Amino acid sequence: MLFFPRIRDLREDNDRTQKEICEYLYCDQSLYSKYERGQRTVPVEIIIKLAHFYGTSTDYILGLTNKKTPEPEPDSCMV
């Protein structure tokens, strides 16, 4: 699955403009537009920031899962 439509869908579902997302990411709107259209590779750092911004997982953005909510962190005490 191509993941770039997910970043556009997340933005639209959250009623955000490209300008707002660009301000959060500190990037140019024309560059971000290319990410959403699949014309530029999205750097890992941007994917992580978008996941934090939208409260989802990088796996969801990358199309590895259809669950929008991230999985809970495993308990570090469990062996």
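Residues numbered from 1 in each chain as written. Predicted model: local features only at pLDDT ≥ 70, side-chain atom pairs only at ≥ 80, totals over all residues. Heavy atoms only, no water.

> Teacher, can you tell me more about the pattern of salt bridges here?
Tallying each qualifying case throughout the model produces four salt bridges. A salt bridge links Glu36 to Arg11, with the shortest nitrogen-to-oxygen separation between them at 2.6 Å. Note that Glu36 is positioned in helix α3 (residues 29–37) and Arg11 in helix α1 (residues 4–13), a separation of 25 residues in sequence. Residue classification places Glu36 among the buried positions, given a relative accessible area of 5%. Notably, a salt bridge pairs Arg16 with Glu20, separated by 3.9 Å at the nearest N-O pair. Using a relative accessible area of 35% as the deciding quantity, one classes Arg16 as partly exposed. (Salt bridge = Lys/Arg side-chain N within 4 Å of Asp/Glu carboxyl O. Helix = DSSP H or I, 4+ residues; strand = E, 2+ residues; numbered from the N terminus. Buried < 20%, exposed > 50% of the residue type's maximum accessible area, 1.4 Å probe, protein only.)

> How should I be thinking about the environment of Tyr54 in this particular structure?
For Tyr54, the location among the structural elements is in helix α4 (residues 44–54). Along the chain, Tyr54 and Thr69 lie 15 residues apart, while their C-alpha atoms are 9.5 Å from each other. Discounting residues that sit within four places of it in the chain, Tyr54 has contacts with Ile7, Leu10, Arg11, Asn14, Ile21 and Tyr32. (Contact = heavy atoms within 4.5 Å.)

> Mind showing me how you'd approach the side chain of Arg6 here?
With respect to the helices, strands and loops of the structure, Arg6 is situated in helix α1. There is a polar contact of 2.6 Å between the side chain of Arg6 and the backbone oxygen of Tyr60. (Polar contact = N/O pair within 3.5 Å; in protein donor to acceptor, adjacent residues only side chain to side chain.)

> Can you help me understand helix α2 (residues 18–25) in this one?
The α-helix advances 3.6 residues per turn, and as a result positions three or four apart in sequence lie on the same side. Residues of α2 that are buried: Gln18, Ile21, Cys22 and Leu25. Along the long axis of α2, the arc covered by the buried residues comes to 100°, so they all point the same way. On its buried side, α2 packs onto α1, α3 and α4. Downstream of α2 by one or two residues, Tyr26 has phi in the positive range, about 55°. (Arc of directions from axis to C-beta.)

> Looking at this structure, how should I read the environment of Phe53?
With respect to the element layout, Phe53 can be found in helix α4. Classification of Phe53 as partly exposed rests on a relative accessible area of 26%. When the C-alpha positions of Phe53 and Tyr24 are compared, they lie 8.6 Å apart, and in sequence the two are 29 residues distant.

> Would you mind showing me how to read the state of the cysteines here?
Put plainly, two cysteines are in a disulfide when a covalent bond ties their sulfur atoms together. Taken as a whole, this structure holds zero disulfides when the rule is applied. Unpaired in this structure, Cys22 has its nearest cysteine sulfur neighbour in Cys27, at a distance of 4.0 Å. Take Cys22: its relative accessible area is 5%, and that puts it in the buried class. The buried category is assigned to Cys27, whose relative accessible area is 18%. (Disulfide = S-S within 2.5 Å.)

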